Amino acid sequence: MPTKTKTKAEIADIIKRIELISGENIYKCYQCGKCTAGCVMAGEMDISPYKVIRMIQLGLVEKALESESMWLCAACFACRERCPKEVDLSKIMEALRVIQVRDGKPLIEPEEVADEVIEEMPQQGIVSAFRKYN
Ligand code: SF4
Ligand code: SF4
């Protein structure tokens, strides 16, 4: 079933939530792209970090939330260190993940993890994955 398009008020509410959870002002970003130039995961992302923030500024939050980029962010903080406007994009990526998790999007369930993964993955990796996705 297609997802219902959000109203302007709902979009404004999501933007407020992103700012509240991240503690960042979305509108400080002036799109210089330095965050993305130094991002270790940008090449793997479907939407570049600086574009994610631009989409939020433009109210395209649904597209930003559908993106895989937030899940690929390694929270390495390179973007935060490089940003001339002191925007912490890692916190914005985290806020997007938190909103997805709180709004009940399907994530990983313990019983869905294959036995081989449990046997081969370091325990710390499994704990980290559950902290990130649940
Ligand atoms: S480095 Fe900062 S100002 Fe430049 S695009 Fe990234 S978040 Fe925006
Ligand atoms: S914190 Fe995330 S978005 Fe920022 S540079 Fe690292 S991987 Fe990229």
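Residues numbered from 1 in each chain as written. Chains lettered and ligands numbered in written order. Predicted model: local features only at pLDDT ≥ 70, side-chain atom pairs only at ≥ 80, totals over all residues. Heavy atoms only, no water.

1. Some remarks on the nonpolar core
Counting 28 residues, the largest nonpolar core has Ile18, Val52, Ile53, Ile56, Val61, Ile92 and Leu96 as the members making the most contacts within it. Of all the secondary-structure elements, those providing two or more residues to this core are α1 (8–22), α3 (49–57), α4 (61–66), α5 (69–72) and α7 (89–102). It is α7 that contributes the most residues to this core, 6 residues altogether. If near-sequence neighbours (up to four positions away) are discounted, Ile18 is found in contact with Gly23, Ile26, Ile56, Val61, Ile92, Ala95, Leu96 and Ile99. (Core = buried A, V, L, I, M, F, W, Y, C linked by side-chain atoms within 4.5 Å. Buried < 20%, exposed > 50% of the residue type's maximum accessible area, 1.4 Å probe, protein only. Helix = DSSP H or I, 4+ residues; strand = E, 2+ residues; numbered from the N terminus. Contact = heavy atoms within 4.5 Å.)

2. Describing the packing of α1 against α7
Where α1 meets α7, the axes come as close as 8 Å, and the angle between the chain directions of the two elements is 120 degrees. Compared by their axis directions, α1 and α7 come out oblique. Crossing of α1 against α7: the hand is right-handed. Taken together, the residues of α7 that come into contact with α1 (itself represented by Ile14, Arg17, Ile18, Ile21 and Ser22) are Lys91, Ile92, Ala95, Leu96, Val98, Ile99 and Arg102. (Axes fitted to C-alpha atoms, helices over the stretch in contact; angles between N-to-C directions. Parallel < 35°, antiparallel > 145°, perpendicular 65-115°, else oblique. Left-handed = near helix turned anticlockwise from the far one by under 90°.)

3. Structural notes on unusual backbone geometry
For Gln31, which is not glycine, the phi dihedral falls at a positive 65 degrees. Overall, Gln31 belongs to the partly exposed group, its relative accessible area being 25%.

4. Some words on the domain arrangement of the protein
In terms of domain boundaries, the protein breaks down into domain 1 (8–103) and domain 2 (108–134). Domain 1 and domain 2 are separated by 25 Å when their C-alpha centres are compared. (Domains from an automatic or database assignment.)

5. Quick word on the site of ligand 1
Near ligand 1 the following residues occur: Cys29, Tyr30, Gln31, Cys32, Gly33, Lys34, Cys35, Tyr50, Cys83, Pro84, Lys85 and Val87. Tallied by class, residues from the shell around ligand 1 come to 8 nonpolar, 2 polar and 2 charged. (Near = heavy atom within 4 Å. Nonpolar A, V, L, I, M, F, W, Y, C, P; charged D, E, K, R; others polar.)

6. Some words on the packing of aromatic side chains
What the rule picks out here adds up to 0 aromatic pairs. The aromatic ring of Phe77 is capped on one face by Arg80, whose charged end is 4.4 Å from the ring centroid. In this arrangement the basic side chain of Lys85 is found over the ring face of Tyr30, its NZ or CZ atom lying 5.6 Å from the centre. (Phe/Tyr/Trp six-rings, centres within 6.5 Å; stacked < 30°, edge-to-face > 60°. Lys NZ or Arg CZ within 6 Å of the ring centre and 35° of its normal.)

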